[in-house]
Amino acid sequence: MRVQSSGAELAVFETGAPDRPTVILVHGYPDTHAVWDEVVALLADRFHVVTYDTRGMGASTAPAGSDAYALPALAADLRAVAQAVRPEGPVHAVGHDWGAFEVWEALTGADDAPPPPPPRPDRPDRPPAPRPDRPDHPPAPRIASFTAIAGPRIDDRGRWLARRLRPRPAALAEIAAQARCSWYVAAIRLPVLPELFARRVVARSWPGVLRRLERVEPRPGHPAPTLADDLVAGFALYRTNLRRRPPAAAGAAVPTSVPVQLIVPTKDRYLSTGFYRDCDGWATTLWRRDIRAGHWVQRSHPAPVARAIAELVDHVEGAPEAPSLRRARRRHNLGGNPRTGPKHELAGRLAVVTGAGSGIGRATALAFARAGAEVVCADIDPAAAAATAAAGEGSVALAPIAVDVSDAAAMERLAAAVQADHGVPDIVVNNAGIGMSGPFLDTTIADWERIIDVNLWGVIHGARLFAAMMVQGGQEGHIINLASAAAYSPSRMLSAYSTTKAAVLVLSECMRAELGDHGIRVSAICPGFVNTNITRTTHFVGVNATTEDELQRQAARAYARRGYPPERVAQAIIKVIARDRALVPVTPEARVLLAMSRVTPGALRRLARVAQ
Ligand code: NAD
């Protein structure tokens, strides 16, 4: 479809059933509508998805003169497209980069829209109705929601700067960070040279820039075959809008009443995250999601972007707020954003805790919920998981799920259910574990298999599945694995248990080294002697049932005398989320044993020979 709008003819593309909610995707610079292809494919079965080449780009015409590229004209283009594809009813706008600035303009800018667009050629019976206050002017199609991707409100940049022009190191650092991102804006204002450079150098090297710097694989349509012309035509955006629109000075921004969702790529080379610090005043209803990605997040992470758009559209169309959308609002309102808020902020986060039915897992799940996190309590014992979830009532939703962590297929089902029902977790505590004690020579193959399956494979399954989910979702997170002081202090009676915990410890160190690149922190917790049910379920090998029962009672009495509560391990776990340590020994004896393993390992070896 071609749509006329104040001197430009816009190439418009529609996908999906027109009777579904209309989502209009507006691209940025130097892109065309094709930058959205992956997102369109993910949305088209549920929505009427519309893309268009903005004026000067791709298959749209390029009106002469810089003034034709002023933001009000671009906002009018959006209205014209909306009017053409959805003459009645609301549209949901999504903008990336300059596309987002254009939508912000349509929501907050001066109402200087051009004359009405002609009626739709295919629907001549439906001319746009005039507005009562402006008979010469068509009604602005209602923008029911706005998802702004890498698109802060640039009319707010004056206030942003004004608030930082105080000699505070943090504020100056934010200005410096944004200046590093904005050098090209100044370069574009030079005469002639930018045009030559764009055609001769940038257009040719752009696929390599996308691949190497932005981690986006070029494909047909992106970059567009019209890139060289698009690059040059788009200079007018910078020259006109950033020069001619004096930034607003101090004072409050007028928030738009349209619900706005910000998608912030935290590795954006062009817009630093500091630019969003003051976003509270931009809209009366605001959600914010951070994705660990570069500027072209819709290309590198189309699935989380499409999901975020769909969740907001569904909600604005009347569905209840999806859990991940709800967390995006809570987290934003509480200032607990992972990049900008306090690191230890648990409110508005999603945590998964395995073995949450008892002891350390239960205490951790309840402590997380009290701190405002949403918690999925997983345990092999469904009644125990449900009891923990019920005990957390009144704080924040805890959802119980029954799962055997040693069962790969069951863990895959758990991960899929968590993602579908709650979203990608921010925190995963691989806590479920069992005890085993007795001589190596009495430990059967079945004993070894059982403890390795639960204590080691359980951690591997949880870490593998949820880490992959975090990376795919572009979400930073923290994986916390329950090891043990037995991981670094050998004992003649704990060969099987110590082996699994030592493996968990070194696995955690290796994962930490690798996953740090994706913003995923990994910590190992080594509790020491903690008074939980583990003593009553520990399997003592090489003895009959009566003796095993007696040994379990003895162990339970000894741990009860020691009296260290699991709640203190939960506090250590909360602390490690704030401080991000690789290894945390919790009880004093766990700390002493760790020091001995490093300073006097010989003494520890002698201790290991003593029968307990
Ligand atoms: P606990 O027995 O009180 O709780 C363990 C929970 O894990 C139980 O609810 C149990 O049903 C669940 N569980 C067991 N096997 C499971 C499986 N296959 N799948 C899913 N859930 C399963 O024990 P705890 O003391 O709270 O232990 C928690 C973790 O801390 C374990 O990994 C343990 O090895 C470790 N740890 C405990 C101590 C201690 O002194 N209590 C010391 C060091 C390490």
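Worth saying up front: this structure is predicted, and the values here are computed from it rather than measured.

Parameters and conventions
Residues numbered from 1 in each chain as written. Predicted model: local features only at pLDDT ≥ 70, side-chain atom pairs only at ≥ 80, totals over all residues. Heavy atoms only, no water. Helix = DSSP H or I, 4+ residues; strand = E, 2+ residues; numbered from the N terminus. Buried < 20%, exposed > 50% of the residue type's maximum accessible area, 1.4 Å probe, protein only. Contact = heavy atoms within 4.5 Å. Polar contact = N/O pair within 3.5 Å; in protein donor to acceptor, adjacent residues only side chain to side chain. Near = heavy atom within 4 Å. Areas by Shrake-Rupley, 256 points an atom, 1.4 Å probe, with all protein chains shown as cover. Nonpolar A, V, L, I, M, F, W, Y, C, P; charged D, E, K, R; others polar. Salt bridge = Lys/Arg side-chain N within 4 Å of Asp/Glu carboxyl O.

Trainee: Please clarify how the environment of Ile 309 should be interpreted in this entry.
Mentor: Along the chain, Ile 309 turns up in helix α9 (residues 302-316). Assessed through its relative accessible area of 0%, Ile 309 is described here as buried. Considering only alpha carbons, one finds Ile 309 and Ala 93, 216 residues apart in sequence, at a separation of 9.4 Å. If we skip the residues at most four places from it in the chain, Ile 309 touches Val 23, Leu 25, Val 39, Leu 43, Val 94, Thr 147 and Gln 261.

Trainee: How should the side chain of Thr 587 be read in this particular structure?
Mentor: For Thr 587, the position within the fold is in the loop between β17 (583-585) and α19 (588-599). A polar contact is formed between the side chain of Thr 587 and the side chain of Glu 589, at a distance of 3.2 Å. Beyond its immediate stretch of four places on either side in the chain, Thr 587 contacts Pro 527, Gly 528, Phe 529, Val 530, Arg 562 and Tyr 564.

Trainee: I would appreciate a short explanation of the site of the ligand in the present structure.
Mentor: For the ligand, the set of nearby residues contains 29 residues, the closest of which are Ser 358, Ile 360, Asp 379, Tyr 497 and Thr 532. Tyr 497 has a polar side-chain atom sitting 2.7 Å from an oxygen atom of the ligand. Starting from 820 Å² of accessible surface for the ligand in isolation, the protein chains cover 94%. The residue inventory of the shell around the ligand, partitioned by class, reads 15 nonpolar, ten polar and four charged.

Trainee: For this particular structure, what's the right way to read the pattern of salt bridges?
Mentor: Any two side chains of opposite charge can pair, given that their charged atoms come close. Inspection of every chain in the model, using the stated rule, returns 20 salt bridges. Asp 290 is the partner of Arg 288 in a salt bridge, and the nearest nitrogen-oxygen pair spans 2.8 Å. Judged by its relative accessible area of 7%, Arg 288 falls in the buried class. Assessed through its relative accessible area of 16%, Asp 290 is described here as buried. Between Arg 292 and Glu 476 there is a salt bridge, and its shortest N-O distance comes to 2.9 Å. Here the residue Arg 292 occupies a position in the loop between β8 (286-291) and α8 (297-300), and Glu 476 occupies one in the loop between α14 (445-473) and β14 (477-482), the gap between them amounting to 184 residues. Residue class for Arg 292 comes out buried when judged on its relative accessible area of 19%. With relative accessibility at 18%, the residue Glu 476 sits in the buried group. Linked by salt bridges that have partners in common, Asp 37, Glu 38, Arg 219 and Arg 299 make up one network.

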